Amino acid sequence: MGRVVTCGGLTLEGTSVSTLETCIAVRELNLCFDIGKGPRYAVGMDHVLLTHAHQDHAVGIALHIASRKLLDLPPPLIYLPEQIVEDMRNLISAWERLERRKTKYTLIGVRPGVRYDMRKGLFFRTFPTEHSLPSTGFQVFEERRKLRPEYIGLDGPAIVELKERGVEITDPVEIAVVTFIGDSTITPLDRFPEMLKSQVVIMECTFLAPEDRPMAKKKRHTHLADIIERADKFAGCEHLVLSHFSTRYTREDVNRELAAALPESLKGKTKVLY
């Protein structure tokens, strides 16, 4: 069982510790970000949004597929950077040969800026991130319909009459629900500030101590100081979830460092998924 963090109407269940495992399920959206070691709490998620192929984020993909087959669940849809689709297919095929069985799944290579529909009213777009392997981040949207201004105030019968005449009375509205950045330097936040306008932003904060900042740069991860320097950029999100802390820090270390260093503008909206 993963840890549970509630952010408004979303429940995040998972774990994210650098070098060990990252998988975060969002049951309300029927998806998980990365798959870690294929944990039980993620088996029911039809959609896997895979940021990159480091083992702590992706090693459980074959187990996830096999577990869903065992439970008679539909084959999962797995979205991942298009550069690694064939390598991932080869990895899954190797496990199929080892286990003497065939499985069903769909790999979908994603490209930055393209819209990918998961179900009616729910889709995502990707953005490039900056890590040591090909990697991508995900921004998930709900699409709702909003009455056009000229029809606001009309009573029910009038609305019905317009619909019967085939008049389009609504426009689509995109609601940015959650952004998952994955392993990356802080650079994408500067290049794509719109990703921070989701209701929930989940991002890594691998390194905390001042002396570890050179290490963050070398490993292409994010340091707490990078986030603090850009505190004003997070004004558009309601919840900021920090994760993927280095194993060199205990949970007590994380809580202490965040309490001491985060500015007031971030303290009230920040949660930890460790």
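This section reports on the structure supplied with the text. (Residues numbered from 1 in each chain as written. Predicted model: local features only at pLDDT ≥ 70, side-chain atom pairs only at ≥ 80, totals over all residues. Heavy atoms only, no water.)

**Focus on unusual backbone geometry**
So, step 1. Phi is positive for Asp 34, close to 60°, though the residue is something other than glycine.
So, step 2. Positionally, Asp 34 belongs in the loop between β4 (31-33) and β5 (47-49).
So, step 3. Of note, the phi angle at Arg 100 is positive, near 55°, even though the residue is not glycine. (Helix = DSSP H or I, 4+ residues; strand = E, 2+ residues; numbered from the N terminus.)

**Quick word on the side chain of Glu 204**
So, step 1. Mapped onto the elements, Glu 204 comes out in strand β12 (residues 200-204).
So, step 2. The side chain of Glu 204 is buried and forms no salt bridge, while Arg 220, the nearest opposite charge, is found at 11 Å.
So, step 3. At 2.9 Å, the side chain of Glu 204 forms a polar contact with the backbone nitrogen of Thr 222.
So, step 4. The residues contacting Glu 204, other than those within four sequence positions of it, are Gly 182, Asp 183, Ser 184, Arg 220, His 221, Thr 222, Ile 227, Ser 243 and His 244. (Buried < 20%, exposed > 50% of the residue type's maximum accessible area, 1.4 Å probe, protein only. Lys, Arg positive; Asp, Glu negative; His and termini not counted. Salt bridge = Lys/Arg side-chain N within 4 Å of Asp/Glu carboxyl O. Polar contact = N/O pair within 3.5 Å; in protein donor to acceptor, adjacent residues only side chain to side chain. Contact = heavy atoms within 4.5 Å.)

**A few points about the sheet that holds strand β13 (residues 239-243)**
So, step 1. Taken together, seven strands build an open sheet; the order of strands is β8-β9-β10-β11-β12-β13-β14 and the sheet is mixed. In this open sheet, the two strands that pair with only one neighbour each are β8 (115-119) and β14 (270-273). Ignoring strand direction, the axes of neighbouring strands in this sheet form an average angle of 30°.
So, step 2. Here five bridges tie β12 to β13, and the two strands are oriented parallel to one another. (Pairing = 2+ DSSP bridges. Axes fitted to C-alpha atoms, helices over the stretch in contact; angles between N-to-C directions.)

**Thoughts on the pattern of salt bridges**
So, step 1. The tally for this structure, following the rule as stated, stands at 18 salt bridges.
So, step 2. Asp 117 is paired through a salt bridge with Arg 115; the nearest N and O atoms lie 2.9 Å apart.
So, step 3. Accessibility expressed as a relative area gives 32% for Arg 115, which makes it partly exposed.
So, step 4. Arg 144 serves as the salt-bridge partner of Glu 142, at 2.5 Å between the closest nitrogen and oxygen.
So, step 5. Residue Glu 142 is classed as partly exposed on the basis of its relative accessible area of 21%.

Everything listed here is a matter of geometry and, on its own, says nothing about what the molecule does.
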